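# A look at the structure
What follows is the residue order along each chain.
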Amino acid sequence: MANFLNYSKYYDLLYKDKNYKEETNYITQTLKELNPSVKDILELGSGSGSHAYFLSQNGFSITGIERSQSMVQESLQKEIPNFEPIQADITDFELNQQFDAVISIFHVISYLTNNDSLIDCLQLVHKHLKPKGIFLFDFWYTPAVYSLKPETRIRRLEDESISVVRIAESTIHTQTNVVDVNFEVHIQDKQTLQTQVLKELHPMRHFSIPELELLARLTGFEIVKSEEFLTKSKPSDTTWGVCLILRKK
Ligand SMILES: C[S@@+](CC[C@H](N)C(=O)[O-])C[C@H]1O[C@@H](n2cnc3c(N)ncnc32)[C@H](O)[C@@H]1O
């Protein structure tokens, strides 16, 4: 499914208020508690490189796997030291290296909407981790999707040259645990007042914790913990993003 194509040009603007530094400090602290000498990180769905930027500042070397060529280009423009993004699919890649930790942040794993792709990804993570290596990722949490229900959301942002309005409309598919998020992005050039409209479909799968723990056990991991991403609270019916931390057996 092609997404994050033209949308990627506006990605950093749409998420300019997202606190990547704080998120990266949470990731750093969590990884270091489990392995104080963690150094080499593989990041799945590295996007425009915003976590890699701060991970690099925190002293890590990062290899990114990112499917969208334009997102890879955005990340290269940041000229991040000790960061190499590779254009590939997280369900189909081969690197000649094992890492201390693998991370995947901002619901990238929820983009894996069927069981085969999820198993392929977990097996590849296992293969690319050193013994006892950590896999940390966040995902859409089933109880929150059903109790909060994704609503139509509108985001308005601007920089010196463009203004952007993004409308996100969702359809819940109860039989497949997938929510289709339809993004419509209206971009207006402030000088010419010309408007361009982009549309992208982002199918997102939500998971329960026992479902992911079962798959993780079957692919060679032990469960370290699950918690709300960033706050470390116990997941509840209103926790949209849960973080699962696994260790390679
Ligand atoms: C919501 S963005 C998150 C990007 C980045 N991690 C961040 O926090 O800003 C999801 C990213 O995952 C990438 N992605 C989704 N499915 C993928 C796949 N199967 N293989 C590689 N990248 C994928 C998308 O191209 C996009 O860049």
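Residues numbered from 1 in each chain as written. Predicted model: local features only at pLDDT ≥ 70, side-chain atom pairs only at ≥ 80, totals over all residues. Heavy atoms only, no water.

Turning our eyes to something else, we now look at the overall build of the protein chain. Of the regular secondary structure elements, the protein chain holds 7 helices and 11 strands. For 249 residues, the compact-globule estimate of 2.2 N^0.38 gives 18 Å, and the protein chain sits close to it at 18 Å. In terms of overall dimensions, the protein chain has a C-alpha envelope of 55 × 45 × 30 Å along the principal axes. The proportion of buried residues among the 249 residues of the protein chain is 50%. Sequence separation of 24 or more characterises 66% of the internal contacts of the protein chain that already satisfy a separation of 6 or more. Carbon and sulfur atoms provide 47% of the accessible area of the protein chain, an area that totals close to 12000 Å². The average position of the 26 basic charges and that of the 33 acidic charges among the side chains of the protein chain differ by 5 Å. (Helix = DSSP H or I, 4+ residues; strand = E, 2+ residues; numbered from the N terminus. Rg over C-alpha atoms; globule rule 2.2 N^0.38 Å. Buried < 20%, exposed > 50% of the residue type's maximum accessible area, 1.4 Å probe, protein only. Contact = heavy atoms within 4.5 Å. Areas by Shrake-Rupley, 256 points an atom, 1.4 Å probe, with all protein chains shown as cover. Lys, Arg positive; Asp, Glu negative; His and termini not counted. Charge placed at Lys NZ, Arg CZ, Asp CG, Glu CD.)

On to the site of the ligand. Surveying the vicinity of the ligand reveals 17 residues, the closest of which are Tyr 11, Tyr 20, Gly 45, Glu 66 and Ile 105. Surface burial for the ligand is 98%, taken as the share of its 590 Å² of free accessible area covered by protein chains. When the residues that make up the shell around the ligand are grouped by side-chain class, the tally is 10 nonpolar, 4 polar and 3 charged. (Near = heavy atom within 4 Å. Nonpolar A, V, L, I, M, F, W, Y, C, P; charged D, E, K, R; others polar.)

It helps to recall that an α-helix has 3.6 residues per turn; residues three or four apart then point in one direction. Within helix α3 (residues 50-57), 6 of the 8 residues are buried, which leaves the element mostly enclosed by the surrounding structure. All buried positions along α3 are accounted for by Ser 50, His 51, Ala 52, Phe 54, Leu 55 and Ser 56. Turning to α3, the residues buried within the fold contact α1 (8-14), α2 (20-34), β1 (40-44), β2 (61-66), β3 (83-87) and β4 (99-104). Just past α3, the residue Gly 59 takes up positive phi, approximately 100 degrees.

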